[in-house]
Amino acid sequence: MKLLMLGGTEFVGRAVTEAALERDWEVTVFHRGHHAPPPGVRALTGDRRGGERGLAALADHPGDWDLVVDTWSGVPTAVRDAARLLADRARHYTYVSSRSVYAYPAPAGLDEDGPLVGGASPDEEGDVPYDRAKRGGELAALDAFGDRALLARAGLIIGPGENIGRLPWWLTRIARGGPVIAPGPRTAQLQYVDARDLASWILDAAAAGLHGPYNTVSRPGHTTMGGLLDACVRVTGSGAELRWTDPDTLLAAGVEPWSGLPVWLPEGELYDTLYQGGHARAEAAGLRCRPVGETVADTWTWLRERGGTAPQRPDRPAVGLDPRLEEKLLAL
């Protein structure tokens, strides 16, 4: 197989690239040159935000590809321009989208046929909200590739290489030991995907010619908040004490769900939207999610290999609880 990876140097894109290399596929990575791609790929550089000029290296490169994988999350015109350029040079196009494309709030169990966010267009430019940007990217892929386009609608993605900081924050905080504020209830179900499982499924699905939308997430309750944080305590060996705290107490103290305490969401519309989505179609198509303990252990190993500091996407704010606020909560 010949794969063209648009991106391919960080997190999900890198996971896809490494998975393809493990299969002995021929991999070309088109990226901006900010990070070194994995060894063994052919690298092309350019900036997709520059329109046709930014794609010059790709346009001038001879040959074609079996599969294209695109993780772009910015303005949809970047997906539009790349997909149009590649429509006659690639057999199949996978766009890594998001379950954010569903109209909010998405009820528990919503499958791929649910209502979608309005107002999206592949021609949108400027400061486009994330949900419309991802839906616009989907439309761009569909416009160029039709039934040769696969839409992988992911939710929470964690695992080695994470450059958002959610699981790395928990691991780093718990590794320091002592009492740690843990957002209750510990039985709260989580729904997510390990980047490596997502990558493996994308390559299998694309090679098989699957098309259309798939919610690429685990079943709800693949783990719980307790299962995730217990695994963090176990792999770090810190002996940290998890202080399970009622959501109302956290909210009253000004703790921001999702960002202040990463991954955590109290019950409600946003929780149902992100952690209770329909997953049956992707599971039936072969998506398999490894145990949370493996994801946490491998992320901890990767983090230690980096000296304990995870990379941080410049377009995303840092996450985590202010130590002063944690101290106040622990004193209650």
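Procedures and definitions
Residues numbered from 1 in each chain as written. Predicted model: local features only at pLDDT ≥ 70, side-chain atom pairs only at ≥ 80, totals over all residues. Heavy atoms only, no water. Phe/Tyr/Trp six-rings, centres within 6.5 Å; stacked < 30°, edge-to-face > 60°. Lys NZ or Arg CZ within 6 Å of the ring centre and 35° of its normal. Salt bridge = Lys/Arg side-chain N within 4 Å of Asp/Glu carboxyl O. Helix = DSSP H or I, 4+ residues; strand = E, 2+ residues; numbered from the N terminus. Buried < 20%, exposed > 50% of the residue type's maximum accessible area, 1.4 Å probe, protein only. Contact = heavy atoms within 4.5 Å.

**Things to note about the packing of aromatic side chains**
For step 1, the next point in the chain: Evaluated as defined, the whole model comprises five aromatic pairs.
For step 2, the next point in the chain: Among the aromatic residues, those joined into a cluster by ring pairs are W258, Y271 and Y275.
For step 3, the next point in the chain: Stacked on the ring of W25, the Lys or Arg R23 has its end atom at 5.5 Å from the ring centre.
For step 4, the next point in the chain: In this arrangement the basic side chain of R281 is found over the ring face of Y214, its NZ or CZ atom lying 5.9 Å from the centre.

**Concerning the pattern of salt bridges**
For step 1, the next point in the chain: Considering all chains together, one arrives at 23 salt bridges under this definition.
For step 2, the next point in the chain: With a shortest N-O distance of 2.8 Å, E138 and R153 are connected by a salt bridge. Of this pair, E138 sits in helix α5 (residues 130-145) while R153 sits in strand β6 (residues 149-154), placing them 15 residues apart in sequence.
For step 3, the next point in the chain: A salt bridge links R313 to D315; the shortest N-O distance between them is 2.6 Å.
For step 4, the next point in the chain: Because the salt bridges share partners, they merge into one network encompassing D194, R196, D197, R290, E294 and D298.

**A closer look at the environment of D298**
For step 1, the next point in the chain: For D298, the position within the fold is in helix α12 (residues 292-305).
For step 2, the next point in the chain: Given a relative accessible area of 27%, D298 falls into the partly exposed group.
For step 3, the next point in the chain: Along the primary structure D298 and V235 are separated by 63 residues, whereas in three dimensions their C-alpha atoms are 9.2 Å apart.
For step 4, the next point in the chain: Sequence-distant contacts of D298, that is, excluding residues within four places in its chain, are made with P160, R196 and R290.

Just geometry here; none of it tells us what the structure is for.
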